[in-house]
Protein chains: 6
Amino acid sequence: MPAATTTELERLLDDDVPHGDLTTEALGIGGEAGVMDFFARDPMVLALAEDAAAILRLCGCEVEQLASSGERLAAGAPILRAHGAASGLLRGWKVAQTLIEIWSGVATATREIVEAARAVSPGIAIACTRKNTPGTKRFAVAAVKAGGAVMHRLGLSETILVFGEHRAFLDEPLAATVARLRSAAPEKKLITEVAAIDTALAAAEAGFDVLQLEKFTPPDVATLIQRLAATPHHPVIAVAGGVNASNAAAYAQAGAQVLVTSSPYMAKPRDVQVKIRRDTK
Amino acid sequence: MPAATTTELERLLDDDVPHGDLTTEALGIGGEAGVMDFFARDPMVLALAEDAAAILRLCGCEVEQLASSGERLAAGAPILRAHGAASGLLRGWKVAQTLIEIWSGVATATREIVEAARAVSPGIAIACTRKNTPGTKRFAVAAVKAGGAVMHRLGLSETILVFGEHRAFLDEPLAATVARLRSAAPEKKLITEVAAIDTALAAAEAGFDVLQLEKFTPPDVATLIQRLAATPHHPVIAVAGGVNASNAAAYAQAGAQVLVTSSPYMAKPRDVQVKIRRDTK
Amino acid sequence: MPAATTTELERLLDDDVPHGDLTTEALGIGGEAGVMDFFARDPMVLALAEDAAAILRLCGCEVEQLASSGERLAAGAPILRAHGAASGLLRGWKVAQTLIEIWSGVATATREIVEAARAVSPGIAIACTRKNTPGTKRFAVAAVKAGGAVMHRLGLSETILVFGEHRAFLDEPLAATVARLRSAAPEKKLITEVAAIDTALAAAEAGFDVLQLEKFTPPDVATLIQRLAATPHHPVIAVAGGVNASNAAAYAQAGAQVLVTSSPYMAKPRDVQVKIRRDTK
Amino acid sequence: MPAATTTELERLLDDDVPHGDLTTEALGIGGEAGVMDFFARDPMVLALAEDAAAILRLCGCEVEQLASSGERLAAGAPILRAHGAASGLLRGWKVAQTLIEIWSGVATATREIVEAARAVSPGIAIACTRKNTPGTKRFAVAAVKAGGAVMHRLGLSETILVFGEHRAFLDEPLAATVARLRSAAPEKKLITEVAAIDTALAAAEAGFDVLQLEKFTPPDVATLIQRLAATPHHPVIAVAGGVNASNAAAYAQAGAQVLVTSSPYMAKPRDVQVKIRRDTK
Amino acid sequence: MPAATTTELERLLDDDVPHGDLTTEALGIGGEAGVMDFFARDPMVLALAEDAAAILRLCGCEVEQLASSGERLAAGAPILRAHGAASGLLRGWKVAQTLIEIWSGVATATREIVEAARAVSPGIAIACTRKNTPGTKRFAVAAVKAGGAVMHRLGLSETILVFGEHRAFLDEPLAATVARLRSAAPEKKLITEVAAIDTALAAAEAGFDVLQLEKFTPPDVATLIQRLAATPHHPVIAVAGGVNASNAAAYAQAGAQVLVTSSPYMAKPRDVQVKIRRDTK
Amino acid sequence: MPAATTTELERLLDDDVPHGDLTTEALGIGGEAGVMDFFARDPMVLALAEDAAAILRLCGCEVEQLASSGERLAAGAPILRAHGAASGLLRGWKVAQTLIEIWSGVATATREIVEAARAVSPGIAIACTRKNTPGTKRFAVAAVKAGGAVMHRLGLSETILVFGEHRAFLDEPLAATVARLRSAAPEKKLITEVAAIDTALAAAEAGFDVLQLEKFTPPDVATLIQRLAATPHHPVIAVAGGVNASNAAAYAQAGAQVLVTSSPYMAKPRDVQVKIRRDTK
């Protein structure tokens, strides 16, 4: 299933081709039969391939899906093949290609962090933030999942995450805050961001379920975990702020249970090679 | 003016906060008065600041716009200040911040190429491709313009650009193609992508107005221009494929009149610092 | 702030008045100045009053908001007053009125359960299901919150809730399922629906954070809690299936921490009295 | 044919499952083949079954429609069967089920009034008001029709219905109003709401085509009809305000030709039983 | 009030200016202050002026509305004046101008028919068909009303109009059809299209409320009315098919009570003169 | 391929049939099988036939497309045949018919100008303006292309066209303007509107690529071309303002290379005859 609705996929196409393909029409080649192949140019974790296929189907093409989102592809591996009129192939080409390229970049970078961390700590979770490009959440979530991670939070409506920016409006002991939140949201874990070991310990003591450690070094993470071990409080330890593939293993080693990261959203797109030729059959 | 419509800005907010801000509601702090300031953490060319302000206004805040899209900001420079209920500030915060961060990254990277090239060749144009993240064209175009560049093409409906993928469906001399296109689109420049000096010369002779040189080295660009000088054909020379801030000057020096690039879309976001505090006035 | 976007409120109006108000136009009275008052006819917990006001503002009226969503109103209490042309008042009247009536019905019924339960157990939470009329989630969530409850889940994307229908596709010990879920969703509570005391105990032992007891009687709830007290497992106890205002206290008394209910969605609308008169000032 | 457009049905699904089904994905069961059956748990007049089937098809399922909207079903009667991947079945399940449950409740309650009234007066019409939940008109109209009734008015744009609220802005004899309306809307029946026998007689004499009697008792209806019989005016007699299944026969007996009612919108949903199992074929 | 929603007006602008005004931006004049005046170049009945003003306001301009839709304007009469940045004025200019020009053409042509007919028969109604350009109903209805006419029907959902195309699927006496329709739609007039005097008489006898005479000559209309006068049946007589300003009086003279016409939709646009100048204040 | 998206076509249908087809439902004939044929009543150049077919498919009909948009049809030629339930045929009938009628009118009028001009000057281009009815650009562009013309500009975002209204905000020599535009938009032709021979010559000398001659007579066009021949400047000569089928040949004869026209948008619709009958097979 594509991640996006038909309405959304039509909108993507429409953004790029609102009033027909001027070049193809001026050349008068739209009616020729053609074949278009998508290949991975570099190794990649594939994402949004089902949406790309759906876009080409909206252009009137028949599409064979040759690989699925979430698969790791070697360089040269086929992704999909589309048959159809040149008008359809040339219309959907770049939108379909770009969609796969950009989001496979995100999926690949996500997978890199997942694998780096799980090599050290098999049960660790990687959670991507909501700092995707505004307007692309549908695709961002799909790419994150293709990469093997989860969403830290989809938005503001479904999680309890207390920042310093919230505490600026509060005048009460932390434990009072936790008690109020527990009653207000008994089916949610209570998460709070902390920026130092002492505040982390205080948050644990106050009863938060998850501590999101902001810009802790791996040694600080280890220290915190050691100190928590001596207490009756065993919150989930999530680290955030600057987590990426190069330090994921160190954080995993330090004992973090969740790595929260925005870094995959900055990944370079992965190249998809496209070959278009006349269909001579 | 924001680049996006009210409907689109509402959709961005809705993607992030479809059913209220659970944490703020559970904390019961929504009614407190607050002030939120956005600053450039690093130097940046600002983009989408008007859209960010419009988002905060949709959240019920009063916003002072302290810098405009397209401006170059020093580290620490103020961008905007919003006054309003904590519920409104906390609701619009991240969407507004992320919008500026990501697209100011694109604008800043664009500006870097523009300045590198214009230092050598003041009249050169930088044109960004349509390889932006699908679904974000509105913002991509605004960021490209904020960076000082133009769009190479908005999509397929408004330019004539002949690729090899089109020629695969044609069996005629290039001059015949040009003649047909000239008659079909007399108000458009005819552009074609070429991948070698010989095909470039042939395309010039056939009458194309703009040659888009795909992955030429700067010396090859210079050679082509020298060889064209000896002919009656003087097409606009655009270079594409791997153009970025590090080679823009070399291409400009070689005589290119247009640099076509997708590289700004891969830019790292520029950090925006956000400070939220109670409004004690 | 209204719960709905401008686009959505325009759509509500448009559903009712797509091409003008035929009667008012045929009568030729649209230009007369008028005043429209909304009152609670019966006692109610008010909901969606801000959206109703926004609808009337879209009709060109000036609106004074005289009560806020979430407030308990006595019979006869004023809700809002709108001034404007008869065309605007008569256009927005019924949509605004019906919106308040239906969702205040839901808010009032929600509040009734909340109060019945909290009289016995002050920290208990009432959580409404997602069985609202499809297409009305925005309003349903707002009404539930106005009534003092929370949403059990907004939909399928943000909670882990294992039903028997999921287990039909699984062949593994429950503890293995929990271990996999814990790793996949470390920032979420793991919830499962159980229909008997034994399966509830097994689910607790397997490690679920929340047991959603399906159609348990209050005595069965008490029995379960007593039996859990003898174990090291202390999941949150949520009851679901037939919970309503008449049995909420009993479930609270039995020790449930969360009452999950769809019953407020079946509430009768609360009457809003509307008076329209010429504006003689 | 579904009552709703594809765009609308996608929106319903999207409201419930904007970013995938977290539980099913975390369990890793999405790819298993399954079968889902919908049955009427209680007797019902079925509504929106075609839309429910269309929703499941949007989820990638194959659906056999086993009963049609408008049909009266006995308890246990099959409604539809869907085959597909567990991911698709579990995704569409609740939205499809809730859509049928709520609107079959409306259709069943509508049918009850229709049958009560027609048992006495076979040609009588039941007309439902526009007081449906804002935003659900498409479904409300379909359910009303499935129940055997008609819409009193779809909205303000297509009928002439004069309320006291209009007359507050008029200063002219009623006959003058009728003359102006007749000329303005010669292809429409002129309807007016009246609240007493005298005003009803006056409205008839002024020339209205339909009298909508607001909160008349059945004896008052009979009295009015008797008194009208002695005049040359024979408007259609519609009764409104408190009409429901328990008094429909009495109003029919009294001679009303149209029963205008909002009561079906307050009907309890009709339970649909859903069974999901592995597809072992 | 504009006839269109904000969402729709944004869409109109977006159709024309999806990614900024390239010429104005390239010229670098967007920030200059300007004034733009709209005048009627020829006499016209104005339409959609409120929507045009709303479009200019969406472009950031301040607008003085100098004439209202429905007004008859002499050549040279002012319509509106907008102040704002050149970027805003030049952005909204043509969409606002074209909207007024095209729909004032329709309103003017409508008014011509209304006046021709009413000169002869003051109480006659002019009803425009639904044969407007698909996708423009909102504007078409507004222009028809500005011209002084009504809509014959808004669409298929709110009127009973029996064509021969319906009768092709029926095998019953016309009176049986009328009886069934009467019971199904007691609050609607029953309309049928007839193409000859005999079938018109039969339809009247069967009980239709309105006869829509398809392509009758005025003498045939008169003959029919004369023959009906000798019967107890007095349906409303509407004429359709080729009705326009040149024959409207003749049809009115012949006794028609409603003239149904599509001809205004083919009217030539009315020229609006636009003057733009620097704002030198 | 239809020109419009599914979403748009659903919206067209919805505009006309938001809540079902009241007449067909009241008659109870919806389930009858029928056949509907569309024929050209008069000769026409067909347009939007693929969209009409898609609309009928959305109504559940099977459609055979018997002619393609862009084809010239003789009177009586078949366009399409639809099989399906009467409910589907009657639902889509008028929207599909009107769509073809109106836009085939535009295509036919466009073709007339194309043929008149090309009879004299085979390589001449006809370019239609953006003065289509706001909200119908998708269809207008498709009809213009079906007629054999091109779009002069799709909107403001993709062409450089300098009007006097722009020059009102400029204080510089024309050559300076051209130099700035050339640098800003090196891949675009620079177009300017001129209203007299002298200003045309000045614009050519300043370096514009295309002169759009506003309301020149054919002799003036010829004179200008003659005078330009004596200069080194050879801009494309486009004529605009009052161009239509009766003067197209004269302008072509005078040497214009592009005829810019809005006149096809005012064309009368071309009649499509629709026959609906029971399907007796």
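Residues numbered from 1 in each chain as written. Chains lettered and ligands numbered in written order. Predicted model: local features only at pLDDT ≥ 70, side-chain atom pairs only at ≥ 80, totals over all residues. Heavy atoms only, no water.

Enquirer: I tried to follow the overall build of chain A on my own but got confused; where do I start?
Expert: Each helix and strand counted, chain A has 10 helices and 13 strands in total. When the backbone C-alpha atoms are referred to their principal axes, chain A occupies close to 75 × 35 × 25 Å. For chain A, the proportion of its 281 residues judged to be buried stands at 60%. The long-range share in chain A, meaning contacts at least 24 apart out of those at least 6 apart in sequence, stands at 70%. (Helix = DSSP H or I, 4+ residues; strand = E, 2+ residues; numbered from the N terminus. Buried < 20%, exposed > 50% of the residue type's maximum accessible area, 1.4 Å probe, protein only. Contact = heavy atoms within 4.5 Å.)

Enquirer: Explanation requested: the interface of chain A and chain B in the structure shown.
Expert: Counting residues at the interface gives 69 residues for chain A and 69 residues for chain B. Note on chain A versus chain B: buried area summed over both sides is about 5500 Å², and carbon and sulfur give 64% of it. Linking chain A to chain B there are 8 salt bridges. As a salt-bridge pair, Arg130 of chain B and Asp16 of chain A come within 2.7 Å of each other at their nearest N and O atoms. One can count 30 residue pairs in polar contact (both at pLDDT 80 or more) joining chain A with chain B. (Buried area = accessible area lost by both parts, 1.4 Å probe. Salt bridge = Lys/Arg side-chain N within 4 Å of Asp/Glu carboxyl O. Polar contact = N/O pair within 3.5 Å; in protein donor to acceptor, adjacent residues only side chain to side chain.)

Enquirer: Any chance you could explain the relation of the copies chain A and chain B here in plain terms?
Expert: Both copies of the chain are tied together by a single rotation about an axis and a shift running along it. For the pair chain A and chain B, the best superposition has an RMSD of 0.0 Å and corresponds to a rotation of 180° with a translation of 0.0 Å parallel to the axis. In symmetry terms, the pair is related by a two-fold rotation axis. With an isologous cut-off of 70% or more, the 100% of interface residues of chain A that recur at the interface of chain B puts this contact in the isologous class. (Least-squares fit on C-alpha atoms with pLDDT ≥ 70 in both.)

Enquirer: Any chance you could explain unusual backbone geometry here in plain terms?
Expert: Only a minority of non-glycine residues have a phi that is not negative, and only a minority of peptide bonds are not trans. Residues and elements named next belong to chain B. Even without being glycine, Lys215 reaches a positive phi, approximately 60°. Tracing the backbone shows Lys215 in the loop between strand S10 (210-214) and helix H9 (218-229). Given a relative accessible area of 60%, Lys215 falls into the exposed group.

Enquirer: When you look at the packing of helix H4 (residues 86-120) of chain A against helix H5 (residues 137-147) of chain A in this model, what are you seeing that I'm missing?
Expert: When two helices pack together, their arrangement is given by the angle between the helix axes and by the axis-to-axis distance. Residue and element names in this part refer to chain A. Taken N-terminus to C-terminus, the directions of H4 and H5 make an angle of 45°; their axes are 7 Å apart at the nearest point. On the basis of their axis angle, the class for H4 and H5 is oblique. Considering only the axes of H4 and H5, their crossing is right-handed. Here Leu99, Trp103, Val106, Ala107, Thr110, Arg111 and Val114 of H4 come into contact with H5, specifically with Phe139, Ala140, Ala143, Val144, Ala146 and Gly147. (Axes fitted to C-alpha atoms, helices over the stretch in contact; angles between N-to-C directions. Parallel < 35°, antiparallel > 145°, perpendicular 65-115°, else oblique. Left-handed = near helix turned anticlockwise from the far one by under 90°.)

Enquirer: Would you mind going over the interface of chain D and chain E with me for this structure?
Expert: Accessible area lost during the coming together of the parts is what is often quoted as the interface size. Each partner contributes to the interface: chain D provides 22 residues, whereas chain E provides 22 residues. Around 1700 Å² of area is buried between chain D and chain E when both sides are counted, 52% of it from carbon and sulfur atoms. In this assembly, chain D and chain E are joined by 2 salt bridges. The interface formed by chain D and chain E contains 6 residue pairs in polar contact (both at pLDDT 80 or more). Put simply, the parts of the chain that give the side of chain D that touches chain E at least two residues each are strand S6 (125-128), helix H7 (174-184) and strand S12 (258-261) of chain D. Tallying contributions element by element places H7 of chain D first for the side of chain D that touches chain E, with 3 residues. For the side of chain D that touches chain E, a count of residues per class yields 11 nonpolar, 5 polar and 6 charged. (Nonpolar A, V, L, I, M, F, W, Y, C, P; charged D, E, K, R; others polar.)

Enquirer: Whenever I open this one, the arrangement of the chains confuses me. Can you help?
Expert: Between chain B and chain D there is no contact, and the shortest C-alpha to C-alpha separation is 9 Å. There is a clear gap between chain A and chain E: no contact, and 9 Å between their nearest C-alpha atoms.

Enquirer: Is there a simple way to explain helix H9 (residues 218-229) of chain C in this structure?
Expert: One full turn of an α-helix is made of 3.6 residues, so residues set three or four places apart face in the same direction. Residue and element names in this part refer to chain C. Counted at 1.5 Å a residue, the expected span for H9 with its 12 residues is 16 Å, and the 17 Å between its end C-alpha atoms agrees. Residues of H9 that are buried: Val221, Leu224 and Leu228. For H9, the angular spread of the buried residues around the axis is 65°, confining them to a single face. Structural note: H9 exposes Pro219, Gln226 and Ala229 on the side pointing more than 90 degrees away from its buried face. Packed against the buried residues of H9 are helix H8 (197-206), strand S10 (210-214), strand S11 (236-240) and helix H10 (248-254). (Expected span 1.5 Å × (residues − 1). Arc of directions from axis to C-beta.)

Enquirer: I'm lost on the domain arrangement of chain A in this one. Help?
Expert: Residues and elements named next belong to chain A. Taken domain by domain, chain A holds domain 1 (6-106 + 268-278) and domain 2 (115-266). The C-alpha centroid of domain 2 is placed 37 Å from the C-alpha centroid of domain 1. Buried surface at the junction of domain 1 and domain 2, both sides included, amounts to about 980 Å², of which 68% is carbon and sulfur. Ranking the residues of domain 1 by area buried against domain 2 places Glu8, Trp103 and Val106 at the top, with a combined share of 52%. On inspection of domain 1 and its partner domain 2, the count reaches 2 salt bridges. A salt bridge links Glu115 to Arg72, with the shortest nitrogen-to-oxygen separation between them at 3.2 Å. (Domains from an automatic or database assignment.)

Enquirer: Mind showing me how you'd approach the side chain of Thr261 of chain D here?
Expert: Residues and elements named next belong to chain D. Secondary-structure assignment places Thr261 in strand S12. For Thr261, a relative accessible area of 1% gives the class buried. There is a polar contact of 2.8 Å between the side chain of Thr261 and the backbone oxygen of Val243. For Thr261, the side chain forms a polar contact with the main-chain nitrogen of Ser263, separated by 3.0 Å. Those residues in contact with Thr261, other than ones at most four positions away along the chain, are Ile113, Ile126, Ala127, Cys128, Thr129 and Val243.

Enquirer: I would appreciate a short explanation of the relation of the copies chain D and chain E in the present structure.
Expert: When chain D is fitted to chain E, the best match, at an RMSD of 0.0 Å, comes from turning it 180° and sliding it 0.0 Å along the axis. An overlap of 100% is found between the interface residues of chain D and their copies at the interface of chain E, pointing to a shared contact surface.

Enquirer: For this particular structure, what's the right way to read the UniProt feature "domain: Quinolinate phosphoribosyl transferase N-terminal" (unreviewed entry) in chain A?
Expert: UniProt's feature table lists "domain: Quinolinate phosphoribosyl transferase N-terminal" (unreviewed entry) at residues 21-102 of chain A, given in the numbering used throughout. From the first C-alpha to the last, residues 21-102 of chain A spans 23 Å; its make-up is 40% helix and 29% strand. (UniProt positions renumbered as here; feature names shortened; annotations may be inferred.)

Enquirer: Mind showing me how you'd approach the environment of Gln65 of chain B here?
Expert: Residue and element names in this part refer to chain B. In this structure, Gln65 sits in strand S3 (residues 62-65). Using a relative accessible area of 28% as the deciding quantity, one classes Gln65 as partly exposed. In sequence terms Gln65 and Ile79 are 14 residues apart; their C-alpha atoms lie 6.5 Å from each other. Ignoring anything within four residues of it in the chain, the contact list for Gln65 reads Ala49, Glu50, Ala53, Ile79 and Leu80. For Gln65, the side chain forms a polar contact with the main-chain oxygen of Ala49, separated by 3.2 Å. Polar side-chain contacts of Gln65 include one of 3.3 Å to the backbone oxygen of Ala67.

Enquirer: Can you help me understand the confidence of the model for chain A in this one?
Expert: Predicted coordinates in areas of low pLDDT are best not read in detail. Looking at chain A as a whole, its pLDDT mean stands at 97, while 100% of the residues score no less than 70. Two summary scores accompany this predicted model of the complex, namely pTM at 0.97 and ipTM at 0.96. (pLDDT = per-residue confidence, 0-100.)

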